[in-house]
Amino acid sequence: MSISKGKANTMLIFAAIIWGAGYLFSKQATNAGMHAGTINAIRGLIYAGVAYLVFHKAINRMTLVDFRVGLTAGIINFLGYQFQTMGLMHTTPANNAFLTAIYVVMIPIIMFVFFHKRPEPKTYPAIIICMVGMMFLTGIMDHGVSLHIGDLLTMISALFYALQIVYFSLPATDMNPWVLSFMLGITQGVLGLVDSLIFEHASYAGIDWKAGILPVVILGIFSSFGAQTLQVVGQRFTDATPAGIILMTESMFGSIFSVVFGFEPFTANLLIGGVLIMVALLVMQLDFRKIWQQKRT
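These numbers were taken from a predicted model, which means no experiment stands behind them. (Residues numbered from 1 in each chain as written. Predicted model: local features only at pLDDT ≥ 70, side-chain atom pairs only at ≥ 80, totals over all residues. Heavy atoms only, no water.)

On the surface, L45, V190, L193, V194, L197, I198 and F199 cluster together into a nonpolar patch covering about 650 Å² of accessible area. At six residues, the largest contribution of residues to the nonpolar patch is made by helix 9 (residues 177–199). With respect to the element layout, V194 can be found in helix 9. (Patch = residues over 30% accessible without salt bridge, like charges linked within 9 Å, V, L, I, M, F, W, Y side chains within 5 Å. Areas by Shrake-Rupley, 256 points an atom, 1.4 Å probe, with all protein chains shown as cover. Salt bridge = Lys/Arg side-chain N within 4 Å of Asp/Glu carboxyl O. Helix = DSSP H or I, 4+ residues; strand = E, 2+ residues; numbered from the N terminus.)

In structure tokens, the structure reads:
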């Protein structure tokens, strides 16, 4: 299986769009009284179930190496989500979104420190444009960031998201993507279930299951199975840093869907932030050397 870098990046954009829409369903689930572990458990087990239903032939041939690689990726993914959700409980949504997005800055640092791989020169302006866009998008530009314990937890989650993206780009993870997708789901589901049973069992009586179960099912099928499988496949054929910038647009798409469905008003900050993030994506996608050579000839 081989696809071009352009098609791989397109797959990542679709993953970001799905995750952006997923914010609406996550909000519905939390409004119904569900906590992070419960949501993680249900959507993870649905993810694993759908993955097995579709890819069972490949999954049945899973090796011990595949299991170890998939388990590691699953744990990193789960910790990123858990720390982000815990952070959101103790900080503002704007701080949470902005500080989570700093994983795009961490990725090239991790790649250089551990693998001595320098990013392309155009990466630096793209990251700066992206972060400024996030400042507008989240309102940080107007109100600033006041750090709380939740902000520290969010920054830890950003580190795990950066590690996940870097890990997916390593040759060691060049395993069957369907097997990796299944392992992400089963790990998310089992660890979420353990977390829920230990720390959240007292909240079960207060959950409006009728209102909360459908959004979580949608998250399991589309945000987990659909989007994460697109990420697993797409990242095999592109670089870690541009992948991080593309996936960071989930916050922008989340804001767009929130405006479209009437959860928040359309503002100038939303427009400016979205435009800047799209400019950053364009910078990463264009081959400036090729354009320059064509102009000279």
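There's plenty left to go through after this.
Those residues of helix 12 (residues 250–260) not exposed but buried are E250, S251, M252, F253, G254, S255 and S258. Of the residues trailing helix 12, G262 is marked for its positive phi of about 80 degrees. (Buried < 20%, exposed > 50% of the residue type's maximum accessible area, 1.4 Å probe, protein only.)

Moving on, we get to the environment of Y124. Residue position: Y124 is located in helix 6 (residues 123–138). Note: C-alpha distance between Y124 and V105 (19 residues apart in sequence) is 9.0 Å.

By the element assignment, T123 lies in helix 6. Not counting the four nearest positions on each side in its chain, T123 is found in contact with T241 and M284. (Contact = heavy atoms within 4.5 Å.)

This next bit is on the environment of S223. Relative to the elements of secondary structure, S223 occurs in helix 10 (residues 209–234). Using a relative accessible area of 4% as the deciding quantity, one classes S223 as buried. Taking the C-alpha atoms as reference, S223 lies 16 Å from I246; in sequence the two are 23 residues apart. With residues near it in sequence (within four places) discarded, S223 still touches I18, W19, G22, R43, I218 and Q228.

Tracing the sequence through the fold places S157 in helix 8 (residues 149–168). Taking the relative accessible area as the measure of exposure, S157 reaches 0% and is therefore buried. With residues near it in sequence (within four places) discarded, S157 still touches G80, F83, Q84 and T100.

Let's shift gears to the pattern of salt bridges. For the structure shown, the criterion picks out two salt bridges. The partner of K5 in a salt bridge is D239, and the shortest N-O contact between them spans 3.2 Å. Here K5 is found in helix 1 (residues 5–31), whereas its partner D239 is found in the loop between helix 10 and helix 11 (240–247), with 234 residues between them in sequence. Residues K117 and D239 are paired through a salt bridge, measuring 3.9 Å at the closest nitrogen-oxygen approach. Residue K117 is located in the loop between helix 5 (103–115) and helix 6, and its partner D239 is located in the loop between helix 10 and helix 11; the two are separated by 122 residues in the primary sequence. Judged by relative accessible area, which is 42%, K117 ranks as partly exposed. In this structure D239 comes out as partly exposed when scored by relative accessible area, which is 28%. By sharing partners, the salt bridges in this structure join K5, K117 and D239 into a single network.

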